[in-house]
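# A closer look at the structure
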Amino acid sequence: MSLSRYAVSHSHTSSAILTWSYLCRRVLFRIYSFAQEKEKTYDRRFIQEWLSAGNRTCPQTQQVLSNTILIPNHLVRSMILQWCTDNGITLPPVENQEEDLVTNNERKTFSKIFERIASSSNLSEQREAIKDLRLLTKCNSSLRAAIGEKPDSISQMISTVSNPELENNAEVLEDMVTTVLNLSIHESNKKIIGDDSLAIPFLIRALQSGTMEARSNAAAAIFSLSALNSNKAKIGELGAMRPLVDLLEHGSMIAKKDAASAIFNLCMLHENKSRATKSGVIDVTLKAIADDSLVDESLAILALLSGDHETVEEIGETGGMASMLRVIKEDQCKRNKENAVAVLFAVCMYDRTKLREVAEDENLNGSLAWLAQNGTSRARRKAAGILDKMKRAVHHTHYSC
């Protein structure tokens, strides 16, 4: 998705344009550095030109790439959409960039593998076919598109894996989950997989009982599917939130990041915010912040949830105020300060008695006054709003006396 499709109107302030330009500099498509195993996000047009010129290294780290597959980064786009909403900017509709044409050879390849999975009576042959499909759908975008011509094949493949002799095989489960993840990358497949009656329940089962890699990839698949609002609703209704929160708390670092991305995307739908809160996401994210682990992701989730009264109440009751004040005072990331003060503002607006705790901290550190002058535009607004409420509270107390 090119920068030209996200141009900001000249009627907006220069600061908004600069911030938007910064956000868009590396947006929407991810590549992986082999040596560091860290994902980087770039604009598709830029990174495609880079790769087409024969480069096989990450432009930022110069590390050799393990592969050159471009994966849409829907989390970054969701965060950009949230930023645009906060700043009164409307994005033009996204054009479909997928031009993958399915060839006859690819149709034949898919049909043969599918037949080996669905029809073979040889368990070893079925396991091998499932692994082959995982590898092919990882590398071949046109083969991923082939599923659209046979949408019922999703259910048939999952039904095959549900065979008791295959269901308890951790490697088979991992391969099938990863295949669903690979297929979900193709935009038109998101609705096909979401509409399949077995696909989302299968991913949720994998979240609950698979290997760590299977759970991580199931979370990544749920994140990918949740790009569609209709899928967000289904995934929430079918009970994915609790196992995602559990993975966020107890998973490997990669799994935690996948779970955080999925939770954030799902909570873009209002109905899922309450589900996340009831599943314990507040305790988990506050603990992560206290442990200096996944601070960025946890703050983004809390800021997104802070429009929900149930969430705000729990943050206020579980020591969240102190965590937000610490981030505002100590964190060097402007985005984190912005999210923390947004949460703080929501709590103070919901429960005015919390202003006293904030006032005591402000008298010692002056963090909000600094942020009201030096933060992002949103952070300045929120900090100024809290300071104004504090002054009003002091004036009201003095007048009452």
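Residues numbered from 1 in each chain as written. Predicted model: local features only at pLDDT ≥ 70, side-chain atom pairs only at ≥ 80, totals over all residues. Heavy atoms only, no water.

### A few points about unusual backbone geometry
Despite not being glycine, D292 shows a phi value in the positive range, around 55°. Positionally, D292 belongs in the loop between α17 (281–290) and α18 (295–305). Look at D292 and you get exposed, because its relative accessible area is 57%. Backbone geometry places L294, a non-glycine residue, at a positive phi of 55°. Mapped onto the elements, L294 comes out in the loop between α17 and α18. (Helix = DSSP H or I, 4+ residues; strand = E, 2+ residues; numbered from the N terminus. Buried < 20%, exposed > 50% of the residue type's maximum accessible area, 1.4 Å probe, protein only.)

### Some details on the packing of aromatic side chains
The description of an aromatic ring pair rests on the distance of the ring centres and on the angle between the ring planes. Tallying each qualifying case throughout the model produces one aromatic pair. Geometrically, the ring pair formed by F110 and F114 is stacked, given 6.2 Å between the ring centres and 5° between the ring planes. Placement of the pair is F110 and F114 together in helix α4 (residues 104–119), with a separation of four residues, close to one helical turn. Here F110 and F114 have matching classes, each one buried. (Phe/Tyr/Trp six-rings, centres within 6.5 Å; stacked < 30°, edge-to-face > 60°.)

### A few points about the side chain of D175
Mapped onto the elements, D175 comes out in helix α9 (residues 170–184). Residue classification places D175 among the buried residues on the basis of a relative accessible area of 2%. Ignoring any residue separated from it by four or fewer positions in sequence, one finds D175 in contact with I130, K131 and R134. (Contact = heavy atoms within 4.5 Å.)

### So, the nonpolar core
Within the largest apolar cluster, 94 residues are counted, with the highest numbers of intra-cluster contacts made by L244 and L368. The residues touching L244, leaving out its near neighbours within four places in the chain, are L207, A219, I222, A259, A262, I263 and L266. (Core = buried A, V, L, I, M, F, W, Y, C linked by side-chain atoms within 4.5 Å.)

### Side note on the environment of N217
Within the element layout of this structure, N217 appears in helix α12 (residues 212–225). Between the C-alpha atoms of N217 and I254, which are 37 residues apart in sequence, the distance is 9.6 Å. Setting aside its immediate chain neighbours within four residues, N217 contacts R134, V177, T178 and L181. A polar contact is formed between the side chain of N217 and the side chain of T178, at a distance of 2.9 Å. (Polar contact = N/O pair within 3.5 Å; in protein donor to acceptor, adjacent residues only side chain to side chain.)

### With respect to helix α21 (residues 334–350)
In this model α21 runs 24 Å from its N-terminal to its C-terminal C-alpha over 17 residues, within 8% of the 24 Å that 1.5 Å per residue would give. Most of α21 is tucked away: 13 of the 17 residues are buried. (Expected span 1.5 Å × (residues − 1).)

### Digging into the pattern of salt bridges
Enumeration over the complete set of coordinates arrives at 19 salt bridges. For the salt bridge of R215 with D246, the shortest nitrogen-to-oxygen distance reads 3.2 Å. Within this pair, whereas R215 is found in helix α12, its partner D246 is found in helix α14 (residues 241–250), the two being separated by 31 residues in sequence. Note on R215: relative accessible area 12%, which makes it buried. For D246, a relative accessible area of 34% translates into the label partly exposed. As a salt-bridge pair, R326 and D292 come within 3.8 Å of each other at their nearest N and O atoms. With a gap of 34 residues between them, R326 in helix α20 (residues 320–330) and D292 in the loop between α17 and α18 connect regions that are remote in the sequence. In this structure R326 comes out as partly exposed when scored by relative accessible area, which is 27%. (Salt bridge = Lys/Arg side-chain N within 4 Å of Asp/Glu carboxyl O.)

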